[in-house]
Amino acid sequence: MIKAGIVGGSGYAAGELIRLLLFHPKVEIKFIFSSSMSGSPATEAHPDLIGDTNLHFSSSLEKDIDVLFLCTGHGQSRNFLNEHSIPKDVTVIDLSRDFRLSESSSFEQRSFVYGLPELHSNAIKKAGSIANPGCYATAIQLALLPLASEKLLKSDVHVHGITGSTGAGKSLSETTHFSWRHANISHYKAFQHQHLDEIEQSLTGLQPSFSSSINFIPMRGNFTRGIFTTAYCHCDLTIEKAVDLYRDYYLDAPFTHVTTNEVELKQAVGSNKCILKLEKHGNKLLITSIIDNLLKGASGQAVQNMNLIFGLDEASGIQLKTNRF
Ligand SMILES: NC(=O)c1ccc[n+]([C@@H]2O[C@H](COP(=O)([O-])OP(=O)(O)OC[C@H]3O[C@@H](n4cnc5c(N)ncnc54)[C@H](OP(=O)(O)O)[C@@H]3O)[C@@H](O)[C@H]2O)c1
């Protein structure tokens, strides 16, 4: 069994990770570290786990683990590694932004591999540490990687995305308050969302000549889970050729699916899937990309990375059922 530790235990991403790992056939959770709830049962923060676990949050780390998941916020993962000595042979999978960009991907003797399996599966299999991608970043990259792989990104890319309130984490804020969010919609961080850097890093890795803009308008949706993005750009491929390109690129990807049928958010929510719908309108290719922000966008992808690193079936423990209605 793989011995796992979790940090940031009371948050949303950790809650989802605990759910996945409790039912993973090859994993045993050794501890769940919490800075705010040490000593309390895990079910106090995650009451839906009643009957599933008797684990309590702890304030100490056991060193006898194989993998440590950091479900902490931006800046907190790096601080945590500064404050706690983690043995070099423990695989660290970090869900924050702290190590995603190549210029910040090292910490002491650790080198973090950007954990998008559809892009870096070979490097992930050999990695000692993983920087798990952002949620919007996952949806948008999966929409664009096949084009970049064939150097077909020749103009600005226009992206709109809408996310559920869990994307902002557990702490209450003005815009995650029920009174604000319910029956409401707004956009935020237009053209300057923090995930643009990692998206550009991956695209230019495949297509170094790509220098156009990704014009991204993120929006807050009045639902809790899921990300629905649309991206469009100039593309000379016919729809048939575009579908062939995308299906070939994702041939070995167990969770990323390409279709020309209508798609909706609930097809992905509750699962580790990314669903990509392709349409051609004149000389524009429109790619709709749908994920669950806490699964393929966070904890599901973290488990997918762990599976690859430990030589397990990539889909082990993350073949999940959606609730479509
Ligand atoms: N929510 C998403 O959809 C999503 C998607 C992709 C990536 N992520 C990333 O995943 C990470 C966790 O996100 P989240 O949504 O789970 O956030 P969250 O609900 O706010 O949880 C973060 C947890 O970090 C812990 N924490 C807070 N301050 C800390 C500190 N100073 N030092 C150490 N730990 C501290 C807290 O847990 P304890 O009090 O129990 O320690 C807190 O509950 C973030 O970096 C986020 O950007 C989130």
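An unreviewed UniProt entry lists the protein under the name N-acetyl-gamma-glutamyl-phosphate reductase, with Halalkalibaculum roseum given as the organism. Reading the Function (unreviewed entry) entry of the UniProt record for the protein gives the comment "Catalyzes the NADPH-dependent reduction of N-acetyl-5-glutamyl phosphate to yield N-acetyl-L-glutamate 5-semialdehyde." Per UniProt, the protein has the following entry under Sequence similarities (unreviewed entry): "Belongs to the NAGSA dehydrogenase family. Type 1 subfamily."

So, on to the pattern of salt bridges. What the rule picks out here adds up to 11 salt bridges. Here the salt bridges do not stand alone but share partners, grouping Glu16, Arg19, Asp48, Arg225 and Asp292 into one network.

What the rule picks out here adds up to one cavity of 30 Å³ or more. Approximately 30 Å³ is the volume found for the largest cavity. As for the largest cavity, its lining consists of Phe31, Leu61, Glu62, Lys63, Ile65, Leu68, Ile86 and Pro87. Partitioning the lining of the largest cavity into residue classes produces six nonpolar, no polar and two charged.

Pairing in this open sheet of eight strands is mixed, and the strands run S3-S2-S1-S4-S5-S8-S7-S6 from one edge to the other. Looking at which strands have only one partner, the edges of the open sheet turn out to be strand S3 (57-58) and strand S6 (106-107). For strand S1 (residues 2-7) and strand S4 (residues 67-70), the ladder comprises four bridges, and the chain directions are parallel. What sits directly across from Gly5, in S4, is Leu68.

What follows deals with the UniProt feature "domain: Semialdehyde dehydrogenase NAD-binding" (unreviewed entry) in the protein. UniProt feature "domain: Semialdehyde dehydrogenase NAD-binding" (unreviewed entry): in the numbering of this structure it lies at residues 3-127. In this annotation, residues 3-127 is assigned 26% helix and 23% strand; the end-to-end C-alpha distance for the span is 17 Å.

Turning next to the UniProt feature "active site" (unreviewed entry) in the protein. UniProt tags Cys135 as "active site" (unreviewed entry). Position of Cys135 relative to the elements: it lies in helix H5 (residues 135-149). Classification of Cys135 by relative accessible area gives buried; the value is 16%. Beyond its immediate stretch of four places on either side in the chain, Cys135 contacts His195, Ile227, Ile291, Asn293 and Gly297.

Calculation rules
Residues numbered from 1 in each chain as written. Predicted model: local features only at pLDDT ≥ 70, side-chain atom pairs only at ≥ 80, totals over all residues. Heavy atoms only, no water. UniProt positions renumbered as here; feature names shortened; annotations may be inferred. Salt bridge = Lys/Arg side-chain N within 4 Å of Asp/Glu carboxyl O. 1 Å grid on protein atoms, 1.4 Å probe; cavity = no way out; pocket = protein on both sides within 12 Å on 5 of 7 lines; lining within 4 Å. Points joined across faces, edges and corners; volume = space filled by probe spheres on them. Nonpolar A, V, L, I, M, F, W, Y, C, P; charged D, E, K, R; others polar. Pairing = 2+ DSSP bridges. Helix = DSSP H or I, 4+ residues; strand = E, 2+ residues; numbered from the N terminus. Buried < 20%, exposed > 50% of the residue type's maximum accessible area, 1.4 Å probe, protein only. Contact = heavy atoms within 4.5 Å.

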